[in-house]
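Spelled out, the chains give:
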Amino acid sequence: MSFQQGLSGLNIAAKNLDAIGNNIANASTVGYKSERAEFADVFANSVAGGGGVQVGIGAKVAAVRQQFTQGNIGTTSNPLDVAINGAGFFRLSTNGTISYSRNGQFALDRNGFLVASNGAHLTGYPADPNGQIVASTPTDLQVSLANIAPRPTSTASLAMNLDSRATAPASAFNLANPASYNSSTAMTVYDSQGNSHTLTTYYVKTGSNAWSVYGAADGAVLNGGAAIGALNFSAGGTLAADVTMTASIALVNGATTPLAIPLTFPATGMSQFGVDFAVNQLQQDGFTTGTLAGFSIGNDGTILGRYTNGQSRAQGQMVLANFINSQGLVALGNNQWAESSDSGQALVAAPGAGTLGVLQSGALEDANVDLTQELVNMITAQRVYQANAQTIRTQDQIQQTLVNLR
């Protein structure tokens, strides 16, 4: 027996305790992946060979590997907290230097960039001005804080039931005389500057199964007070086909004029039955300007901005990266890793694509450390350390015996 075996045993036991202690220290670190010390025996090389009597000279640390198993996912109240459920890493950029992380604790900096706690920018696919995701080279994701531009109304759809029991008014249509029309309904439309206007349509029965439609905008009649269209129903109270007519609104507020809006009365939504007048649908495609009120992150990583005008628009899409050999990544600290020749090149795609996991907003991935198991491992490592110390003590006693021989 020599001191070498005992000393190597002490060294690897200490390294094992280091790994266990690091796991315990990071039990509350978001996205942390536990370490495991791996050992190998050591034999002295011999040209002649030791045959069946060769004795090892101790042990060594073969590797310390991180275990990339899934951690538990816990919910939070912050929509910028994002957990990965499955394989993959967030792709981060620090002045162009790329790193990878499982820690989804993000925030907005003063310029609207999504950043990690150390200031690294989260990367992903950008969105064009219309909110369409452009799946190109990932870039730093930035949330636009600018107002969303208004959209003028370009089409509208109305669906309703006109009461077949109604009778034709005795007088010609007059906006100021409610007796001159049978029913009316109003909807809000928007001009090119986002200003709202109230478009009211009036329905006047002119004969059996026949109706005329009149219009007014902001209290002013359209088309010089003449009808803008006609609706003719079958004996069964339905339209044979969709009917479209145009409401042309003259504007004096500086917006594009006239504001011409095709009004569609769909055959599937219009009826003339013997029940009270009822509106079933009023739809138009315009909206006013809006400021960013908040945003959400979908399972596929799409960052969807919500605006005060009720609209939503994609601001970008997070990407995930995966590796053939995740254990070949180089740990950088700050919950980040770097690509290496052992890990292989990053395979980047949208969350949910291929073998990549999906994202969960308002949640974080806990460290995959099993504290109970680590404490058991620590007791075992302590016993191993003590046992190796005992072999050194025994060897010392043997040598002392030899020294005392006369």
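Here helix H2 (residues 371-403) spans 48 Å end to end across 33 residues, near enough to the 48 Å set by a 1.5 Å rise per residue. Glu374, Ala381, Asn388, Ile392 and Gln395 are the residues of H2 that are buried. Of the surrounding elements, those touching the buried residues of H2 are helix H1 (3-25). Its side-chain oxygen placed 3.2 Å from the backbone nitrogen of threonine 372, aspartate 370 serves as the N-cap of H2.

As a further point, take the packing of aromatic side chains. Inspection of every chain in the model, using the stated rule, returns 12 aromatic pairs. Arranged with centres 6.3 Å apart and planes meeting at 85°, the rings of tyrosine 203 and phenylalanine 265 form a pair that is edge-to-face. Here tyrosine 203, found in strand S13 (residues 196-207), pairs with phenylalanine 265, found in strand S18 (residues 259-265); they are 62 residues apart in sequence, far enough to count as distant. In this structure tyrosine 203 comes out as buried when scored by relative accessible area, which is 0%. Among the aromatic residues, ring-to-ring pairing joins Phe68, Phe89, Tyr100, Phe323 and Trp337 into one connected group.

One can find asparagine 111 in the loop between strand S7 (107-108) and strand S8 (114-115). In sequence terms asparagine 111 and glutamine 142 are 31 residues apart; their C-alpha atoms lie 7.7 Å from each other.

Cut-offs and rules
Per chain, residue numbering runs from 1 following the sequence as it is written. Local features are withheld for residues below a pLDDT of 70 in this predicted model, meaning they are given only at 70 or higher, and side-chain atom pairs are given and counted only at 80 or more; totals for whole chains, interfaces and linings count all residues. Side-chain numbers here rest on the full set of heavy atoms in the structure, without hydrogens or water. Runs of H or I in DSSP of at least four residues are treated as helices and runs of E of at least two as strands, each being numbered from the N terminus. Under the convention used throughout, the expected extent of a helix is 1.5 Å for every residue step, that is, one less than its residue count. Whether a residue is buried, partly exposed or exposed follows from its accessible area with a 1.4 Å probe, protein chains only, as a fraction of its type maximum: under 20%, in between, or over 50%, in that order. Residues are treated as being in contact if the distance between any of their heavy atoms lies within 4.5 Å. Think of a polar contact as two N or O atoms within 3.5 Å of one another; within protein, one of them needs to be a possible hydrogen donor and the other a possible acceptor, and neighboring residues in sequence only count if both atoms come from side chains. In summary, the pairing rule links any two rings of Phe, Tyr or Trp, Trp by its six-membered ring, whose centres are within 6.5 Å, and it sorts them by plane angle into stacked for under 30 degrees, edge-to-face for over 60 and tilted for everything else.

None of the figures reported here should be taken as evidence of function without further support.
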